[in-house]
Amino acid sequence: MKLFEGENIEHEAANDQPLRMSDEEINSKYREGEIRIVTEQARYPLNTISSMVHSDSYKMNPEYQRRHRWSNRKRSSLIESLIMNVPIPPIFLYEYEYSSYEVMDGLQRLTAISSFYDDEFELEGLTKWPELNGKKYSKLPKLVKQGVDRRYISSIILLHETAKTSEEAENLKQMVFDRINSGGEKLTPQEKRNANFDGKLNRLCIRLSENQSLCKAWDIPLEDGNPDRIHSERAENKLFKTMGDVELVLRFFAYRQRANLQRGSLESYLDFYLEKGNYFTTEVLGNLENLFVATINLVYELFEDKAFFLYRKRKTGWGWFERPTTAVYDPMMNSLSQRLEFRDELVRRKEEMNEAIIEFYKNNYGAFEGRNTNQSALEERDLKFNKFFDRFI
């Protein structure tokens, strides 16, 4: 596959020599503070949280917050816990510059408290204080309001001096994020990538995930035109909520170099690719964006809503699979991305192609069935789609 100039990614040379250190060397490493987190603790009164959230000194993750906004009932439950003085876990902050912080964990708690103090929602679903249901902060009885104002939320701050370089800082942030999020609600791999590897390529994937052809092909409700609001149907869509739509875009880019770069699981490869791809030049990112948009639009124009469906064998006979699958998405996108110059001819023969693809899946069902993702299986799928589309050029 021909890559754009500057797109090629390479693995760094691996050091296969086993690491051996004496006890004295290990003690010296510990004494000198290598790989040791420098922290301090702080407590924030609840009535100061709103100013913190709206301050330029605290960096929130707007995309994560946008997709994972708590319901009013869940936010109300947190406020009820604070009213009763139930201990809640601390938030984790990273001091990326002196006196400037990034929220690593606890974003939902902070924004829920901030929204309550800003009178943005009424309490609902309270079980211990049902008398307060329907009340905003400004309407709380005087003593309850004073009691809430006396509460605070604790924080653990990873100080700026923890890391000596920006690369070391990113590695430490990733390690801490993974460990503090190992319990509770499990994050998807793409949610972790969004937190650990934010950068130019990650933001491009997020933006391209709103492409209408992609959303229609994967049955993701479209935006309603208001950039500050996510309508409920879209918010509850599983792919959108888990950032699976963003991963689909990343998969397309990463697939272009997968044969040469992937070592180990797909998850670890996508981590690696995104981390390195964030350093692509503006020109490379622009080329990748144009390629993705042209490819996904062509795919949808050819096959519409069933673009990534597999025609499969059932007990009752052959029929379309009830949802799209990456077993079709990856090789079809890859194949058509290399044939964009023949777009007009492919579109002209659209009806003929849609009839032929049913027989194509029947004849090649073994190549697409199951979860086989080893390199030889992927190459076989690529080859079969290449031959299929070449018939119509």
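Figured I'd write up the structure that's included with this text. The residue numbering used here restarts from 1 in each chain and proceeds along that chain's sequence as written. Under the rules for a predicted model, residues below a pLDDT of 70 receive no local features and side-chain atom pairs below 80 are neither given nor counted, while totals for whole chains, interfaces and linings still include all residues. Heavy atoms from the whole structure form the basis of all side-chain values; hydrogens and water molecules are not counted.

Moving on: the overall build of the protein chain. From N to C terminus, the protein chain includes 21 helices and 7 strands. Across the 393 residues in the protein chain, those meeting the buried criterion constitute 44%. Pairs of residues are marked as contacts when any of their non-hydrogen atoms sit within 4.5 Å. Of the contacts made within the protein chain by residues no fewer than 6 positions apart, 71% connect residues no fewer than 24 positions apart. Secondary structure elements are defined from DSSP: runs of H or I of at least 4 residues count as helices, runs of E of at least 2 residues count as strands, and each element is numbered from the N terminus. Note on classification: 1.4 Å probe, protein chains only; a residue is buried when its accessible area is under 20% of the maximum for its type, exposed when over 50%, partly exposed between these limits.

Right, let's talk about the packing of helix H13 (residues 244-255) against helix H15 (residues 266-277) for a bit. In contact at an axis separation of 10 Å, H13 and H15 are set at 80 degrees when each is read in the N-to-C sense. As the angle between them shows, H13 and H15 are arranged roughly perpendicular. Here H13 contributes Glu247, Leu250, Arg251, Phe253 and Ala254 to the contact with H15, which in turn contributes Leu266, Tyr269, Leu270, Tyr273 and Leu274. In the contact of H13 with H15, the residues fall into 8 nonpolar, no polar and 2 charged. Axis angles are defined between N-to-C directions and span 0 to 180 degrees, where every axis is a line fitted to C-alpha atoms and, for a helix, only to the segment in contact. To sort the angles, those under 35 degrees are grouped as roughly parallel, those over 145 as roughly antiparallel, those from 65 to 115 as roughly perpendicular, and the leftovers as oblique. Gly falls in the polar group here, along with every residue not listed as nonpolar (Ala, Val, Leu, Ile, Met, Phe, Trp, Tyr, Cys, Pro) or charged (Asp, Glu, Lys, Arg).

Looking now at the side chain of Ser100. Tracing the backbone shows Ser100 in strand E4 (residues 100-105). With residues up to four places along the chain from it excluded, the contact list for Ser100 reads Ser57, Tyr94 and Glu95.

So, about the layout of surface pockets. Space inside and on the surface of the protein is sampled on a 1 Å grid over the protein atoms alone, with a cavity defined as a set of points where a 1.4 Å probe fits but cannot get out and a pocket as an open set with protein on both sides within 12 Å along at least 5 of 7 lines; lining residues have an atom within 4 Å of a point. Grid points are joined across faces, edges and corners, and a volume is the space filled by probe spheres set on the points. Considered as a void within the structure, the second largest pocket measures approximately 1200 Å³ in volume. Taken together, 33 residues form the lining of the second largest pocket, with Arg323, Pro324, Thr325, Thr326 and Arg371 sitting closest to its centre. It is H13 that provides the largest number of residues to the lining of the second largest pocket, a total of 4 residues. When its residues are assigned to classes, the lining of the second largest pocket shows 11 nonpolar, 10 polar and 12 charged.

This next bit is on the packing of helix H4 (residues 72-83) against helix H5 (residues 107-117). Two elements in contact, H4 and H5, have axes separated by 10 Å at closest approach and are oriented at 85 degrees. As judged from the angle between their axes, H4 and H5 are roughly perpendicular. Listed contacts from H5 to Arg75, Leu78, Ile79 and Leu82 of H4 are Arg109, Ala112, Ile113, Ser115 and Phe116. In terms of residue class, the contact of H4 with H5 is made up of 6 nonpolar, 1 polar and 2 charged.

The next thing to look at is the pairing of E4. Consecutive side chains along a regular strand alternate between the two faces of the sheet. Counting buried residues in E4 gives 6 out of 6 residues, a clear majority hidden from the surface. Only when DSSP finds a minimum of two bridges between them are two strands counted as paired. In this structure, strand E2 (residues 58-59) lies alongside E4, joined through 2 bridges in parallel fashion. Paired with Tyr58 across the strands is Tyr101, a residue of E4. Between strand E3 (residues 91-97) and E4, which pair antiparallel in sequence order, lie 2 residues; one of them, Ser99, sits at a positive phi of approximately 70 degrees.

Fair warning: the whole summary comes from geometry, so function is off the table for now.
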